[in-house]
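What the coordinates show
The lines below spell out each chain.
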Amino acid sequence: MIIKIKKKYIGAIDQGTTSTRFLLFNKEGKLTVGHQIEHKQIYPRPGYVEHNPEEILENTYKVIKFTIKNYHINPSEIAAIGITNQRETTIVWDRKTGKPYLNAIVWQDLRTSKICEELSKKGGKYKYQKIIGLPVATYFSAPKLRWIFDNYKELYKKAKNGDLLFGTIDTFIIWNLTGGPESGVHITDVTNASRTMLMNLKTLKWDKDMLNVFNIPEKILPEIKPSIEPESFGLTLRDGPFNEKIPIMSDLGDQQAALFGQTCFEKGSAKNTYGTGCFLLLNTGENPVFSKNGLITTVGYKIGKGNAIYALEGSVAIAGSLIQWVRDKLNLISSAKEINDLAEKVNDNGGLYFVPAFSGLFAPYWRSDARGIIAGITHYATKEHLARAVLEATAFQTKEIFDAMEKDSKIKLKILKVDGGMTASEILMQFQADILNVPVLKPKIAETTALGTALGAGLACSFYKDLNELKQKWILDKKWLPKMNNNKRNFYFLNWKKAVQRSLNWI
Ligand SMILES: Nc1ncnc2c1ncn2[C@@H]1O[C@H](COP(=O)(O)OP(=O)(O)OP(=O)(O)O)[C@@H](O)[C@H]1O
Ligand SMILES: [Mg+2]
């Protein structure tokens, strides 16, 4: 007799820049249980940022196994799983052994600035914008891959022989979960592929011209799939971390997952996620909008055979990681939360502006020659003012992309939906509402990234019915209203802009 087990959960693997989570969501779209482990940030020299792909894979397996064992989950109760991941981070590995050849080169890494400079010499950094939606920048995967081949000729040979595979983190994890060297499925989704500089935004295929620009053999690239796939990407192995065959049905870059998790399904809806970096995405519907103000065009999501939904994105490299820097490198605080205790003791920034251009500046400047500065220091300034400036830096950077977004889209944004770890900061959220002059709204489920891919996988396997049902799962937790007068707002923002100018042309 076959006993049919009731499906109770959708699993979400959220492989972020700083940590890996596995979370289970139920029929109501509520987070039930899960587990999270941080991984090592490797900084071999200034500007270099790496992760160990084997550590990340191990942590992925650990969080899955821990959740299942510790909370007594029957893996057969998991209807499907979705994955979401830090984007652009680049891995190359051996097709036959599955072993990565090098550490992953992380999105924040600046080692490709020379390659990017060379590329934009003729025609400027926006020369490929109409094909890929992106400026030439160190941020994206293809320059990283080119750097690997320039510096490891033997790997280029392997690539041409078909012994080497390339992938962003989603691809690497899915390949391993579905059987690695024996039966691994080598795929990615349109959102992740749209961050490589190799995918044509309109055809959603690898672009031959871009492959030539970077001299990359197509056979090392994964197949591009929809983000949400009713036909499933593949099954996990029975002798893998789940001990069960479970279909993998959603694959979304973390920021696109957050857009989906915030149920920004309508053209004109936007969200801002405050994690390691900070990423504002606006749904622009079925047509890509090409920015004139330093934003990038990206795929928001694609459901099965449906049309792709595009987004405009403002990417800020350093947000929450500035607080981590204050914690780990300045030792001014012992946990992220304490930045608020310090900042609370003063009413303003005391004239301090902190431009955290640690990885150069991303949107809307795209300047890899910028470096971090603290401007406006006098004898009056205290560590409490510095704490305030650290929090405000994220709000100012958001304001810059918010303004660019309104200009590009010609849409007046009336509210901002927010999520991510830094939304725990009352001071930041209030200041954000003040400096933008719009209400800031936070939903009950803070794990929006994981939720997004869980909703996607649940939709794909009919665990959830339709987008309408998903929309009902968005419930307001907290709202911050603007209280600042115009003069003050303008004064602060003008000073911020001045400080940004001082950070440029450093390298
Ligand atoms: N109470 C707090 N106040 C301000 N910032 C905070 C607070 N708690 C956490 N943070 C910041 O939030 C960030 C973590 O946010 P979140 O958990 O959303 O990121 P993440 O998803 O782990 O990032 P990634 O996916 O990039 O690894 C950290 O950089 C931390 O500095
Ligand atoms: Mg995250």
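Heads up: the structure comes first, above all this text.
So, here's what we can say about the structure. (Residues numbered from 1 in each chain as written. Chains lettered and ligands numbered in written order. Predicted model: local features only at pLDDT ≥ 70, side-chain atom pairs only at ≥ 80, totals over all residues. Heavy atoms only, no water.)

Comments concerning unusual backbone geometry
- Geometrically, the link from alanine 363 to proline 364 is a cis peptide bond, its omega value of -5 degrees lying close to zero.
- When you line up the elements, proline 364 lands in the loop between strand S17 (353–355) and strand S18 (373–375).
- With phi around 50 degrees, tryptophan 366 is a residue other than glycine that occupies positive phi space.
- Structurally, tryptophan 366 is set in the loop between S17 and S18. (Helix = DSSP H or I, 4+ residues; strand = E, 2+ residues; numbered from the N terminus.)

A few points about the pairing of strand S8 (residues 164–167)
- Residue alternation in S8 divides its side chains into two sets, Leu164 and Phe166 and Leu165 and Gly167, and both sets are buried.
- Note that strand S6 (residues 91–94) and S8 share four bridges and pair antiparallel. Within the sheet, the bridge partner assigned to tryptophan 93 lies in S8 and is leucine 165. (Buried < 20%, exposed > 50% of the residue type's maximum accessible area, 1.4 Å probe, protein only. Pairing = 2+ DSSP bridges.)

Re the packing of helix H1 (residues 53–70) against helix H6 (residues 169–177)
- Between H1 and H6, whose axes approach to 11 Å, the crossing angle comes to 60 degrees. The angle between the axes of H1 and H6 places the two elements in the oblique class. As H1 packs across H6, the resulting crossing turns out to be right-handed. Taken together, the residues of H6 that come into contact with H1 (itself represented by Pro53, Ile56, Leu57, Thr60 and Tyr61) are Ile169, Phe172, Ile173, Asn176 and Leu177.
- By residue class, the composition of the contact of H1 with H6 is eight nonpolar, two polar and no charged. (Axes fitted to C-alpha atoms, helices over the stretch in contact; angles between N-to-C directions. Parallel < 35°, antiparallel > 145°, perpendicular 65-115°, else oblique. Left-handed = near helix turned anticlockwise from the far one by under 90°. Contact = heavy atoms within 4.5 Å. Nonpolar A, V, L, I, M, F, W, Y, C, P; charged D, E, K, R; others polar.)

Some words on the sheet that holds strand S21 (residues 476–480)
- Reading across the sheet, the seven strands line up as S15-S16-S14-S13-S19-S20-S21 and stay open at both edges, with mixed pairing between neighbours. For this open sheet the edge positions go to strand S15 (296–302) and S21, each flanked by a neighbour on one side alone. Neighbour-to-neighbour, the strand axes of the sheet open up by a mean angle of 30 degrees, direction not taken into account.
- Relative to strand S20 (residues 440–443), strand S19 (residues 416–419) is paired through two bridges, and the arrangement is parallel.

Quick notes on the packing of aromatic side chains
- In this structure the tally under the stated criterion is 26 aromatic pairs.
- Judged by centre distance (5.5 Å) and plane angle (55 degrees), the ring pair of tryptophan 93 and tryptophan 175 falls under tilted. Taken as a pair, tryptophan 93 in strand S6 and tryptophan 175 in helix H6 lie far apart in primary sequence, 82 residues in all.
- Take tryptophan 175: its relative accessible area is 3%, and that puts it in the buried class.
- Measuring from ring centre to ring centre gives 6.1 Å for phenylalanine 140 and tryptophan 366, while their planes differ by 35 degrees; the resulting arrangement is tilted. With a gap of 226 residues between them, phenylalanine 140 in the loop between helix H3 (129–132) and helix H4 (141–151) and tryptophan 366 in the loop between S17 and S18 connect regions that are remote in the sequence.
- Judged by relative accessible area, phenylalanine 140 falls into the buried class, the value being 0%. (Phe/Tyr/Trp six-rings, centres within 6.5 Å; stacked < 30°, edge-to-face > 60°.)

Brief notes about the pattern of salt bridges
- A full pass over the atoms with the stated rule returns 28 salt bridges.
- Among the ionic pairs, arginine 87 bridges to glutamate 313, the shortest N-O distance being 2.8 Å. Of the two residues, arginine 87 is situated in the loop between strand S5 (78–85) and S6 and glutamate 313 in strand S16 (residues 308–316); the sequence distance between them amounts to 226 residues. Of the two residues examined, arginine 87 and glutamate 313, each falls in the buried class.
- Within this structure, Arg87, Glu88, Arg195, Asp254 and Glu313 form a network of salt bridges that share partners. (Salt bridge = Lys/Arg side-chain N within 4 Å of Asp/Glu carboxyl O.)

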